[in-house]
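Reading the structure
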Amino acid sequence: MRALCWAGAGLVEVRRVPDPELRNAQDMIVRVRRSTTCGADLPLLAGRVPEASAGEVLGREFLGDVVEVGPEVRRHRVADRVVVGAAVACGACWFCRQAMPACCDNGTGGVAAEPQWGQPPAGGYGRPARLGGFAGGHAEYVRVPYADVGAFAVPESVSDERAVFAAGAAPAGWYGAELGEVAPGDVVAVWGAGAVGQLTADAAVARGADRVVVVDDRDDRLRMVTGHDGVEALNHRYVDVLAELRERSGGRGPDVCVDASGVTAAGPGRWPAVEPDGGAALREAVHACRKGGVVVVLDARPGFVDRFPLGAFADKGLAVRAARRRGGAAIPALLERMARDELVTEHLATHRMPLERGAEGYALFRDRADGCVRVVFTP
Ligand SMILES: [Zn+2]
């Protein structure tokens, strides 16, 4: 089959790779209809993840049609259209039973993370195999392990371009608002107007926030925020963000501050990288947050962030919560919301291309060029 593969630092290309096969009774094979770029790919593309090897298939978020099921798959049949959650979780370990699939002990082979983090997180698609990854969705076919746990039927009325965002971006955004315990009347600030930031703003509105303000330095993305989500926007380049946020929250500061600024591909270095110039959004979020508020980090940065303002957490009595992924549990409710037109995501697919143009798509996505928020590929 054809698949978009990592081929070295800064290099992706479509290659011929072997078709995936069922390996376990709970596996199924999905023929991909759509897949999308993800900011978490960028350190890998930049060559900052030494565990990557050339030829690994990229693609964390995808949806497609079931073409083959293992003997223990109960919830899916051949020809079902499904979206697949970005975390690979078993559904049966202690963490999965506590509704923390992104912390699954069995979906992973990510022992490389243990020396740095103490424990490995769940595995995911399109990540290096040595970091617990599985072949990704920028391909004609994908093997989906634990299919009953990680894949979800898409309602007929929801388009592929909308549903593909239920794989990772929408669950992450919704989780950001949930971790922040956004409540009616809250003022919420979100750093980053990419897909996850925009979806966090949507989720905050859905939970009844009084004001939602998105902070970014790109006018094209902020126009999407004000036009589509109907929330407020602040551009770093033109305004004093901290003063504006104080002004818009009765002088106290936002109740919930979410860092959804994600990663950039900039800079050399190795994983896990210390980012001496990274973390600016996080520091600003901590600074802006009202005393006793909640700071949520929705992050895909693989390493360390320097100059973490620990003192502010104690002196301001802040709570910090963090997640990289939600796992699948939230996906059915998001798909239902999409079917009711209460969650609209297809506008985030600013660029739609055949998989053959993967290198061009990733270059646009990396550079945020031509108004690119996400590229959606059709294999
Ligand atoms: Zn598990």
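What counts as what
Residues numbered from 1 in each chain as written. Predicted model: local features only at pLDDT ≥ 70, side-chain atom pairs only at ≥ 80, totals over all residues. Heavy atoms only, no water. UniProt positions renumbered as here; feature names shortened; annotations may be inferred. Helix = DSSP H or I, 4+ residues; strand = E, 2+ residues; numbered from the N terminus. Rg over C-alpha atoms; globule rule 2.2 N^0.38 Å. Contact = heavy atoms within 4.5 Å. Areas by Shrake-Rupley, 256 points an atom, 1.4 Å probe, with all protein chains shown as cover. Lys, Arg positive; Asp, Glu negative; His and termini not counted. Charge placed at Lys NZ, Arg CZ, Asp CG, Glu CD. Donors = N, O, S within 2.8 Å, 3.2 Å for Na, K, Ca; no water. Tetrahedral: all angles 85-135°; square planar, octahedral: opposite > 155°, others 65-115°. Buried < 20%, exposed > 50% of the residue type's maximum accessible area, 1.4 Å probe, protein only. Domains from an automatic or database assignment. Salt bridge = Lys/Arg side-chain N within 4 Å of Asp/Glu carboxyl O.

Looking at an unreviewed UniProt entry, one finds the protein chain named Threonine dehydrogenase, with Micromonospora marina as its source organism. Reading the Cofactor (unreviewed entry) entry of the UniProt record for the protein chain gives the comment "Zn(2+)".

1. Considering the overall build of the protein chain
For the protein chain, the count of helices and strands is 13 helices and 20 strands. Computed over the C-alpha atoms, the radius of gyration of the protein chain is 20 Å, within 12% of the 21 Å expected from 2.2 N^0.38 for a compact globule of 379 residues. Referenced to the eigenvectors of the C-alpha coordinate spread, the extents of the protein chain come out at roughly 60 × 45 × 45 Å. For the protein chain, restricting intrachain contacts to residue pairs at least 6 apart in sequence, the fraction spanning at least 24 positions comes to 72%. For the protein chain, the exposed area adds up to about 15,500 Å²; of that, 49% sits on carbon and sulfur atoms. Computing the positive centroid from 45 side-chain charges and the negative centroid from 49, the protein chain places the two 2 Å apart.

2. Concerning the coordination of the zinc ion
At the metal site, the zinc ion is ligated by Cys90 (SG), Cys93 (SG), Cys96 (SG) and Cys104 (SG), and these contacts range over 2.3 to 2.4 Å. Seen from the zinc ion, its 4 donor atoms lie at angles of 104 to 117 degrees, and the figure they make is tetrahedral. Sequence spacing of the donors to the zinc ion: C-x2-C-x2-C-x7-C. Of the two residues, cysteine 90 is situated in the loop between strand S6 (87-88) and helix H2 (94-97) and cysteine 104 in the loop between H2 and helix H3 (114-117); the sequence distance between them amounts to 14 residues. For the pair shown, cysteine 90 and cysteine 104 are each scored as buried.

3. Quick word on the domain arrangement of the protein chain
The domain architecture assigned to the protein chain consists of domain 1 (2-168 + 326-378) and domain 2 (169-323). In this structure, domain 1 and domain 2 have C-alpha centres spaced 25 Å apart.

4. Observations regarding the pattern of salt bridges
Any two side chains of opposite charge can pair, given that their charged atoms come close. Considering all chains together, one arrives at 24 salt bridges under this definition. With its nearest N and O atoms 3.0 Å apart, the salt bridge here joins arginine 248 to glutamate 244. You can call glutamate 244 partly exposed: its relative accessible area is 26%. Salt bridges here are not isolated pairs; linked through shared partners, they connect Arg33, Arg34, Asp65, Arg81, Asp160 and Glu161.

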